[in-house]
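Examination of the molecular architecture
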Amino acid sequence: MTSVPPVIILTSDAGSGHRSAAAAIAQHITPFATPVVVNPAHHPLASQTLARAEKLYLEVVNHAPEHYAFAHEITDAPGLDMVLEYSLASTLRRSLLALVATHQPRVVVSVYPLLTRILAGSLPKWKRPRLMTVVTDLGNVHRAWFSSHDDTVAVPSLVVRDKAVKCGIDVRKLVHTGLPIQPAFVAPRASVSELRHALGWDPNLPTLLLLGGGAGVGPVREMAYALDQATVPLQMAIVAGRNMALAAELRQYAWQQRVHIYDFVPLADLMHACDVVASKAGGLTVSESMAAGKPMIFYGEAPGQEAGNRTYVMQAGAGLYAHDTAQFVEYARMLLTDRAICQSMAVAARRIGMPHATQAVANEIQRLLQNDRALSRPPARYVGWR
């Protein structure tokens, strides 16, 4: 009986999207590989400053977004991304090498920038496992995502494919897969009415799902309170994530409309059961919403990559951007009362959603695990390649 080869999937906890993508990939490759999902910043040999930096990321994005936007833009210039690589390499090299020595993977997949670059620079070519990066934002991605040492780069959109080519990546290494999501978002496990009944929702009220991301950040309470004052009958499902203080405050509020409050919970059933998704523009949430065919209202974003996600969806006609609470209420009321507009945007969402992205990524990993002759073939060209 042949052994199942290990595949390391490198992720980060700066936001919840990277780990969600890693988990989706791991689930799909288990038939032919043993996935090891790991955050190298949490390894005992990594600098403790990296774990603290992950927490600081959310603070900066929420309270000083202009500083994050400036740093994103200035380091995206040719050559300046090397500064990021060198600074990160000194803190992560030992942990990455230890992971490779422990698990002896034939393939290392990264869903976070720079990690395959650092690994490639730390090992001679003949000792390296096959390297693959899966980009987890749809629009204005940083050049730090791209490494000439990668055997394959999976891109979620043609916009990102074009950026990769401009950054010097051989087009033969690029594969347009979409962004990997859990299969539960692709098709509902039951009808909308059945899902709403199981969730305890009113089956007849127009419903908005309001998300605060895994950390429950952003102006969620302000948007919810404003929409609660709307004269149109509606229903809200609000996910506070890991923000227990926010969840407690929302549960104590005297709601006029029908409202359902959740902590950190699986989102697939909630997303399939709602009519509209309101969220910040995280790459995973956007991809999940598009695959589920749900129009989006964006109420915020991390500057840089998330702004690119929002632009990508809006240009496709699948989303709206609310600059303040008044505009948020206006857009929500329009989509929840005008069935034709909501349906049109749902069709646009499905058009750009790539529901089979995770399987496409898994297929590329399987190709990398095959023999050297198979590795000489270029990546497959999936739907949407041009």
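To keep things clear, this report deals only with the structure shown in the data block.

Scoring rules and cut-offs
- Residues numbered from 1 in each chain as written.
- Predicted model: local features only at pLDDT ≥ 70, side-chain atom pairs only at ≥ 80, totals over all residues.
- Heavy atoms only, no water.
- Pairing = 2+ DSSP bridges.
- Helix = DSSP H or I, 4+ residues; strand = E, 2+ residues; numbered from the N terminus.
- Axes fitted to C-alpha atoms, helices over the stretch in contact; angles between N-to-C directions.
- Contact = heavy atoms within 4.5 Å.
- Core = buried A, V, L, I, M, F, W, Y, C linked by side-chain atoms within 4.5 Å.
- Buried < 20%, exposed > 50% of the residue type's maximum accessible area, 1.4 Å probe, protein only.
- Parallel < 35°, antiparallel > 145°, perpendicular 65-115°, else oblique.
- Left-handed = near helix turned anticlockwise from the far one by under 90°.
- Nonpolar A, V, L, I, M, F, W, Y, C, P; charged D, E, K, R; others polar.
- Right-handed = clockwise from strand over helix to strand, strands pointing away.
- Phe/Tyr/Trp six-rings, centres within 6.5 Å; stacked < 30°, edge-to-face > 60°.
- Lys NZ or Arg CZ within 6 Å of the ring centre and 35° of its normal.

So, the sheet that holds strand β2 (residues 34–38)
Taken together, six strands build an open sheet; the order of strands is β2-β1-β3-β4-β5-β6 and the sheet is parallel. In the strand order of this sheet, the two ends are held by β2 and β6 (174–176), each with one partner. Strand-to-strand twist in this sheet, taken as the mean axis angle between neighbours without regard to direction, amounts to 20°. In terms of strand pairing, strand β1 (residues 6–10) meets β2 through five bridges, oriented parallel. Following the sheet pairing, Ile-9 is matched in β2 by Val-37. Packing of helix α4 (residues 81–103) onto the sheet brings it into contact with β1 and β2, and relative to β1 it is tilted by some 160°.

Focus: the nonpolar core
Ranked by internal contacts, the top residues of the largest apolar core, which has 55 residues, are Val-7, Ile-29, Leu-209 and Ile-365. Excluding anything up to four places from it in sequence, Ile-365 contacts Val-7, Ile-25, Ile-29, Phe-32, Val-107, Val-109 and Met-132. Counting residues in hydrophobic clusters, the runner-up holds 33 residues, among them Leu-208, Ile-238, Tyr-299 and Tyr-331.

Considering the packing of helix α1 (residues 17–29) against helix α15 (residues 357–369)
Angle between the axes and distance between the axes: these two values describe a pair of packed helices. Taken N-terminus to C-terminus, the directions of α1 and α15 make an angle of 60°; their axes are 9 Å apart at the nearest point. If you check the angle between α1 and α15, you find them oblique. Crossing hand, α1 versus α15: right-handed. On α15, the residues touching Ala-24, Ile-25, His-28 and Ile-29 of α1 are Thr-358, Gln-359, Val-361, Ala-362 and Ile-365. The residue inventory of the contact of α1 with α15, partitioned by class, reads six nonpolar, three polar and no charged.

Focus on the pairing of strand β11 (residues 296–300)
β11 sits mainly inside the fold: five of its five residues count as buried. One ladder, built from four bridges, connects strand β10 (residues 276–280) with β11; its direction is parallel. Bridge pairing links Val-277 to Met-296 in β11. After leaving β10, the chain enters helix α11 (residues 283–292) and then returns to the sheet as β11, a path that is right-handed. Looking at chain direction, β11 and strand β12 (residues 319–321) are connected through three bridges and run parallel. Opposite Met-296, over in β12, you have Gly-319 as the bridge partner.

Observations regarding unusual backbone geometry
Working note: non-glycine residues mostly have negative phi, and peptide bonds are mostly trans. Despite not being glycine, Gln-104 shows a phi value in the positive range, around 50°. Phi at Leu-114 takes a positive value of approximately 75°, unusual for a residue other than glycine. Along the chain, the position of Leu-114 falls in the loop between β3 (107–110) and α5 (115–122).

Points about the packing of aromatic side chains
Scanning all chains against the criterion turns up three aromatic pairs. Summarising the aromatic geometry, the rings of Tyr-225 and Tyr-253 are spaced 4.0 Å apart at their centres and angled 15° between planes, so their arrangement reads as stacked. One end of the pair, Tyr-225, is in helix α8 (residues 220–228); the other, Tyr-253, is in the loop between α9 (244–252) and β9 (258–262), with 28 residues separating them in the sequence. The exposure class assigned to Tyr-225 is buried, which follows from its relative accessible area of 19%. Note on Tyr-225 and Trp-255: the rings are 5.6 Å apart at their centroids and 55° apart in plane angle, and the pair reads as tilted. Placement of the pair is Tyr-225 in helix α8 and Trp-255 in the loop between α9 and β9, with a sequence separation of 30 residues. Among the aromatic residues, those joined into a ring-pair cluster are Tyr-225, Tyr-253 and Trp-255. A cation over an aromatic ring shows up here: Arg-242 above the ring of Phe-264, its NZ or CZ 3.8 Å from the ring centre. The positively charged end of Arg-310 is found above the aromatic ring belonging to Tyr-321, 4.3 Å away from the centroid.

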